[in-house]
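Listed below, chain by chain, are the residues.
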Amino acid sequence: MKKIGLFILLLGSHFVFAQTIQTGLANNKSVVSTENINVETPAEFPGGMDALRKYIFNEFNIENIKSSGVITSVTKFVVSADGSIESATAKGDNKDMNQEMERIIKSIKIKWKPAQSKGRPVKYMVTVPITINL
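Residues numbered from 1 in each chain as written. Predicted model: local features only at pLDDT ≥ 70, side-chain atom pairs only at ≥ 80, totals over all residues. Heavy atoms only, no water.

Now for the overall build of the chain. A tally of helices and strands in the chain yields 3 helices and 7 strands. Reading the secondary structure of the chain in the N-to-C direction produces α-β-β-α-β-β-α-β-β-β. Across the 134 residues in the chain, those meeting the buried criterion constitute 34%. A separation of at least 24 residues holds for 70% of the contacts in the chain among residues at least 6 apart in sequence. (Helix = DSSP H or I, 4+ residues; strand = E, 2+ residues; numbered from the N terminus. Buried < 20%, exposed > 50% of the residue type's maximum accessible area, 1.4 Å probe, protein only. Contact = heavy atoms within 4.5 Å.)

Turning next to the nonpolar core. One finds Ile56, Phe77, Met97, Met101 and Trp112 to be the most contacted residues of the largest nonpolar core, which totals 25 residues. Sorting the residues of this core by element identifies α2 (49-59), β3 (70-79), β4 (85-92), α3 (95-106) and β7 (124-133) as the ones contributing at least two each. With 5 residues, β7 is the single largest residue contributor to this core. Apart from the residues lying within four places of it in its own chain, the contact partners of methionine 101 are Ile56, Phe60, Ser73, Thr75, Ala90 and Ile130. (Core = buried A, V, L, I, M, F, W, Y, C linked by side-chain atoms within 4.5 Å.)

The full count for this structure, using the stated rule, is 3 aromatic pairs. Between the aromatic rings of phenylalanine 45 and tyrosine 55, the centroid separation amounts to 6.2 Å while the plane-to-plane angle is 55 degrees, which identifies the pairing as tilted. You can see phenylalanine 45 sitting in the loop between β2 (31-32) and α2 and its partner tyrosine 55 sitting in helix α2, a full 10 residues away along the chain. For the pair phenylalanine 45 and tyrosine 55, a shared accessibility class is recorded, and that class is buried. Both rings, one in phenylalanine 77 and one in tryptophan 112, keep their centres 5.6 Å apart while their planes meet at 70 degrees; by these two values the pair is edge-to-face. Linking phenylalanine 77 in strand β3 with tryptophan 112 in the loop between α3 and β5 (115-117), this pair joins segments that are 35 residues apart in sequence. Through a chain of ring-to-ring contacts, the aromatic side chains of Phe45, Tyr55, Phe77 and Trp112 assemble into a single cluster. (Phe/Tyr/Trp six-rings, centres within 6.5 Å; stacked < 30°, edge-to-face > 60°.)

Averaged over all residues, the pLDDT of the chain is 78; the fraction at 70 or higher stands at 72%. For the chain, the element scoring lowest by mean pLDDT is strand β1 (residues 20-21), at 32; α3 scores highest, at 94. Contacts of residues 9-34 to residues separated by more than four positions or lying in other chains number 30 contacts, the stretch itself having pLDDT below 50. (pLDDT = per-residue confidence, 0-100.)

Before going further, it helps to spend a moment on the pattern of salt bridges. Within this structure, the stated rule accounts for 4 salt bridges. Linking glutamate 100 and arginine 103 is a salt bridge whose minimum nitrogen-to-oxygen distance equals 2.6 Å. Of this pair, glutamate 100 and arginine 103 both sit in helix α3, 3 residues apart, which is roughly one turn of that helix. We classify glutamate 100 as buried; its relative accessible area is 2%. (Salt bridge = Lys/Arg side-chain N within 4 Å of Asp/Glu carboxyl O.)

Listed below in structure tokens is the structure:
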């Protein structure tokens, strides 16, 4: 019985952390904007999301965060048709964390593989939620 409960819990967590398509305001889930609905291939960081997480981890400066506890920030940015990053903004309950996430995303000089729609590169909205416990 415990194995079945664990299996259901793990399966449910997969759906909680998967990207979803929503209109309106975003919550703390990974969100794809309505502009991304007609995209056949989403924008991709070289090496995938694991490489992006590693980049964020390596660039994150914990000394810039002046509080402790569980801190959440949701960073949104646009990957342009040429693979560069535009208009990064972070929102969350901690100003220092939001500024650090914006700094990290804006520091990415690596070109992304742009999203594709009808065989052409297009802009793509990316949302990166992050939670840390200090």
